[in-house]
Amino acid sequence: MARIVVDVMLKPEILDPQGKAIANELPRIGLSNFTDVRQGKRFELTVEGEVTEELLAQARQAAEELLSNPVIEDVVNVAALED
Amino acid sequence: MAESLAASEVPLVGDFSQSTPNPALADVRVGVITFPGTLDDRDASRAVRLAGGTPLPLWHDEADLHKVDAVIVPGGFSYGDYLRAGAIAAKAPVMSKVVEAASAADNPLPVLGICNGFQILTETHLLPGSMIKNDHRKFICRDQTLRVETNQTSWTGDFAAGQEIVVPLKNQDGQYVADPKTLEALEAEGRVVFRYVDVNPNGSRNDIAGICNERGNVVGLMPHPEHAVEPGFGPSSSGFGTVGLRGGADGLGVFTSLLNQLVKA
C-alpha cells in the first residue's frame, strides 16, 4: 500500500477567511512574526502496491475534476508519499 | 382523515386555499431535489404549490427526473459542505440527469438553484463562477433588497426589468466570484439576473446575487425567494410598496414566472 498526496490551495487572489482568523490568533499564543496565513487542503489517496505513473495521472485527474475547483483553487502538489 | 397524504402534500404552515392561482398551472410539475443535508426543499415545494404548480420530490441518488417540467435545486448544506459547498452534490446521480436535460438542444429544462443549489449549479458548470466565504467572515441572515435585472429568463418573466424585490438572504459562502473575462461576458450578455441593492452583503463581484446561463433556462441565486411567498411568513418589506408585518411575498413571482412561461409555451 502506498499513498499519493494532493495539495490544494485557494488561488492567491481569493480571500481566505480561515487563514485570516488563524493569523489573528497567532499573536495570542505569543507568535507575532507571521504576517499572513493561508490555509489549504491536503488529500491522501491510498492505492494498492506501488505508485505508478498511471496512478499519478489518475490522481491528477481527481485533483482537477473533484478535489479542486479551478475557479477558486490551484492544485499545488501531486506526489507519491513513501510510507 | 381517510386518505393519507404524502409527506410532500402536508403543508408545514399556512393555508394553501388563500391563494387563487390559475388552475391550468397545476399541470406544471416541478421537481424539487433533496440531498443529504438539504434544508429548504419543503419551502421550495410549498412555494411551487402556492404559485399554483405541482411540486414533486426528487431524490439525489436516483438518476431519474420522472418527466418533470422544471427542477429546483434548493438550499441547505448538502453533504455538510464537505470538500466545497455543493461539490459532492454536483456529482450525484440526479444531477447528471439535470445537466443533461438543462443542456438539451430542444426544450432545455428550466432549472433554479437557490443558495446551496446555486453553488451546486456552479460545481456542475451549468453556471460559471463560484461562491466563497462572505468577505466579512460571518454567517449572514437578513431581508435583502434585490433588483431584477432581466426578465428574459425562465424564472423572472413575471417581473419588469429593474423591479426591486425583498427576500431573505442567509448564507456563509455567499461571495460570488468569477474571473474578469467571465464577469464581463455576464454583464455584456445580460446574464446578471439579480443584483444586490443598497448594500453588498457578502463582497460578491459586481454586486451579483444571481445569474443565468446563455439561454436563460438555468438561473442560480444566493438569496431565498421561496422564503417570501406568503403574507404572514415573509419579510416585513416589499419592493412593490408598503406591506404589513411579515407581509412580503415578493419571491412568489419567481415561481409564477416559471409556471406562466410553461403554460404559455
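Given the structure is predicted, the values throughout are model-derived calculations rather than measurements.

(A) Structural view of the overall build of chain B. Looking only at helices and strands, chain B has five helices and 11 strands in total. Reported as C-alpha extents along the three principal axes, the dimensions of chain B are approximately 55 × 45 × 35 Å. Among the 265 residues that make up chain B, the fraction classed as buried is 53%. At a minimum sequence separation of 6, the contacts of chain B that also span at least 24 residues come to 74%.

(B) Quick peek at the sheet that holds strand S3 (residues 73-81) of chain A. Residue and element names in this part refer to chain A. The three strands are arranged S2-S1-S3 in an open sheet whose pairing can be described as antiparallel. Looking along the sheet, the strands with just one partner apiece sit at the ends: strand S2 (41-47) and S3. Between one strand and the next, the sheet's axes are offset by a mean angle of 20°, whatever the strand orientation. In terms of strand pairing, strand S1 (residues 2-10) meets S3 through eight bridges, oriented antiparallel. Looking at the pairing, Ile4 lines up with Ala80 of S3. Those strands touched by helix H2 (residues 53-67) are S1, S2 and S3, and its axis lies near 155° from that of S3.

(C) Just the pairing of strand S6 (residues 140-148) of chain B, in detail. Residues and elements named next belong to chain B. Pairing analysis gives eight bridges linking S6 to strand S7 (residues 164-171), with the strands arranged antiparallel. By the bridge assignment for S7, Thr145 is matched with Val166. As judged from the three bridges shared by S6 and strand S9 (residues 192-196), these two strands associate in the antiparallel manner. Each residue of the ladder has a partner; that of Leu146, found in S9, is Tyr196.

(D) Region of the structure containing unusual backbone geometry. Residue and element names in this part refer to chain B. Here the phi dihedral of Lys67 falls at roughly 55°; this positive angle occurs in a residue that is not glycine. If you trace the backbone, Lys67 turns up in the loop between strand S2 (54-59) and strand S3 (70-73). According to the relative accessible area criterion, Lys67 is exposed, its value standing at 77%. At Arg246, a residue that is not glycine, the phi angle is positive and equals roughly 60°. With respect to the secondary-structure elements, Arg246 resides in the loop between strand S11 (218-221) and helix H5 (252-264).

(E) Summary view of the layout of surface pockets. The calculated volume of the largest pocket comes to roughly 480 Å³. Lining the largest pocket we find 26 residues, and of these Gln18 and Lys41 of chain A together with Leu83, Lys133 and Asp173 of chain B sit closest to its centre. Broken down by secondary-structure element, the contributors of at least two residues to the lining of the largest pocket are S1 and helix H1 (17-25) of chain A together with helix H3 (116-123) and strand S5 (130-132) of chain B. Class assignment of the residues belonging to the lining of the largest pocket gives a composition of 10 nonpolar, eight polar and eight charged.

(F) Representation of H1 of chain A in the model. Restricting attention to buried positions, one finds in H1 of chain A the residues Pro17, Gly19 and Ala23 of chain A. Summarising the axial view, the buried residues of H1 of chain A lie within an arc of 155°, below the 170-degree limit, and thus occupy one face.

(G) Quick peek at helix H4 (residues 180-188) of chain B. Residue and element names in this part refer to chain B. If you check which residues of H4 are buried, you get Thr182, Leu183 and Leu186. Relative to the axis of H4, the buried residues are bounded by an arc of 100° and lie together on one face. Seen from the buried face of H4, the exposed residues on the opposite side, beyond 90 degrees, are Pro180, Lys181, Glu184 and Ala188. If you follow the buried residues of H4, they end up packed against strand S8 (175-177), S9 and strand S10 (208-212). The positive-phi residue at the C-terminal boundary of H4 is Gly190, with phi of around 65°.

The rules behind each value
Residues numbered from 1 in each chain as written. Chains lettered and ligands numbered in written order. Predicted model: local features only at pLDDT ≥ 70, side-chain atom pairs only at ≥ 80, totals over all residues. Heavy atoms only, no water. Helix = DSSP H or I, 4+ residues; strand = E, 2+ residues; numbered from the N terminus. Buried < 20%, exposed > 50% of the residue type's maximum accessible area, 1.4 Å probe, protein only. Contact = heavy atoms within 4.5 Å. Pairing = 2+ DSSP bridges. Axes fitted to C-alpha atoms, helices over the stretch in contact; angles between N-to-C directions. 1 Å grid on protein atoms, 1.4 Å probe; cavity = no way out; pocket = protein on both sides within 12 Å on 5 of 7 lines; lining within 4 Å. Points joined across faces, edges and corners; volume = space filled by probe spheres on them. Nonpolar A, V, L, I, M, F, W, Y, C, P; charged D, E, K, R; others polar. Arc of directions from axis to C-beta.

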